[in-house]
Amino acid sequence: ALRKGSDLEKAFATAALVYNNYADPEGKLSKAETKSLLQSQFWHVIQGQENKPKYQEIISFLDEESENKIDFEDFMILLVSLTLMSDLLQEIKNVKTTK
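The model shown is predicted, which means the values in this text are computed figures rather than measured ones. (Residues numbered from 1 in each chain as written. Predicted model: local features only at pLDDT ≥ 70, side-chain atom pairs only at ≥ 80, totals over all residues. Heavy atoms only, no water.)

**Overview of the overall build of the protein**
Here comes step 1: Scanning the protein from N- to C-terminus turns up six helices and two strands.
Here comes step 2: Reading the secondary structure of the protein in the N-to-C direction produces α-β-α-α-α-β-α-α.
Here comes step 3: On the principal axes, the C-alpha backbone points of the protein span a range of 45 × 35 × 20 Å.
Here comes step 4: The buried share of the protein, reckoned over its 99 residues, is 29%.
Here comes step 5: The contacts in the protein between residues at least 6 apart in sequence include a share of 68% that link residues at least 24 apart.
Here comes step 6: Of the roughly 7300 Å² that the protein leaves accessible, carbon and sulfur atoms contribute 54%.
Here comes step 7: For the protein, the separation between the mean place of its 12 positive charges and that of its 16 negative charges on side chains is 10 Å. (Helix = DSSP H or I, 4+ residues; strand = E, 2+ residues; numbered from the N terminus. Buried < 20%, exposed > 50% of the residue type's maximum accessible area, 1.4 Å probe, protein only. Contact = heavy atoms within 4.5 Å. Areas by Shrake-Rupley, 256 points an atom, 1.4 Å probe, with all protein chains shown as cover. Lys, Arg positive; Asp, Glu negative; His and termini not counted. Charge placed at Lys NZ, Arg CZ, Asp CG, Glu CD.)

**Points about the nonpolar core**
Here comes step 1: Ranked by size, the top nonpolar core spans 20 residues in total, and within it L29, L38, F42, L62, F75, L79 and L82 carry the most contacts.
Here comes step 2: The set of elements that each furnish at least two residues to this core consists of helix 1 (7-22), helix 2 (31-41), helix 3 (43-46), helix 4 (53-63) and helix 5 (72-85).
Here comes step 3: With near-sequence residues (within four places) excluded, L62 lies in contact with K31, A32, T34, K35, L38, I70 and L78. (Core = buried A, V, L, I, M, F, W, Y, C linked by side-chain atoms within 4.5 Å.)

**Quick notes on the layout of surface pockets**
Here comes step 1: Its volume calculated, the largest pocket comes out at about 440 Å³.
Here comes step 2: Every residue lining the largest pocket is counted, 16 residues in all, and those nearest its centre are A11, F12, A15, F42 and L79.
Here comes step 3: At the level of elements, helix 1, helix 2, helix 5 and helix 6 (88-93) are the ones that each hand at least two residues to the lining of the largest pocket.
Here comes step 4: Broken down by element, the residue count for the lining of the largest pocket peaks at six residues, all from helix 1.
Here comes step 5: For the lining of the largest pocket, the residue count by class is 13 nonpolar, three polar and no charged. (1 Å grid on protein atoms, 1.4 Å probe; cavity = no way out; pocket = protein on both sides within 12 Å on 5 of 7 lines; lining within 4 Å. Points joined across faces, edges and corners; volume = space filled by probe spheres on them. Nonpolar A, V, L, I, M, F, W, Y, C, P; charged D, E, K, R; others polar.)

**Overview of the pattern of salt bridges**
Here comes step 1: For the coordinates displayed, the defined rule picks out four salt bridges.
Here comes step 2: In this structure, K54 and E57 form a salt bridge, with 3.5 Å as the shortest nitrogen-oxygen distance. Residue K54 and its partner E57 are both found in helix 4; the two are separated by three residues, about one turn of the helix. (Salt bridge = Lys/Arg side-chain N within 4 Å of Asp/Glu carboxyl O.)

**A short note on the UniProt feature "domain: EF-hand" (unreviewed entry) in the protein**
Here comes step 1: When the UniProt feature table is mapped onto this chain numbering, "domain: EF-hand" (unreviewed entry) sits at residues 50-85.
Here comes step 2: Annotated as residues 50-85, this span is 69% helix and 6% strand, and its ends, taken at the C-alpha atoms, are 11 Å apart. (UniProt positions renumbered as here; feature names shortened; annotations may be inferred.)

Structure (structure tokens):
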């Protein structure tokens, strides 16, 4: 079904698949696993964001020792937050597509 989906549908499906590959049997990630996933799968977006206060706040939250786990909804909020603070949106505005 996803082969027939739009680019946006495929993008969200990919995010869900990547999340599910990292998630535990309950469908959640530890904070350490979340940080690892972001650093390995979202590196180009977060690269260069290290000095921004909001990025530091997110990483500090993920570094906290606690049993709290991240569910898919919270993970997607993290992705959107990191994307909004990155330079990616400006780069996208500068790219013209032929579609």
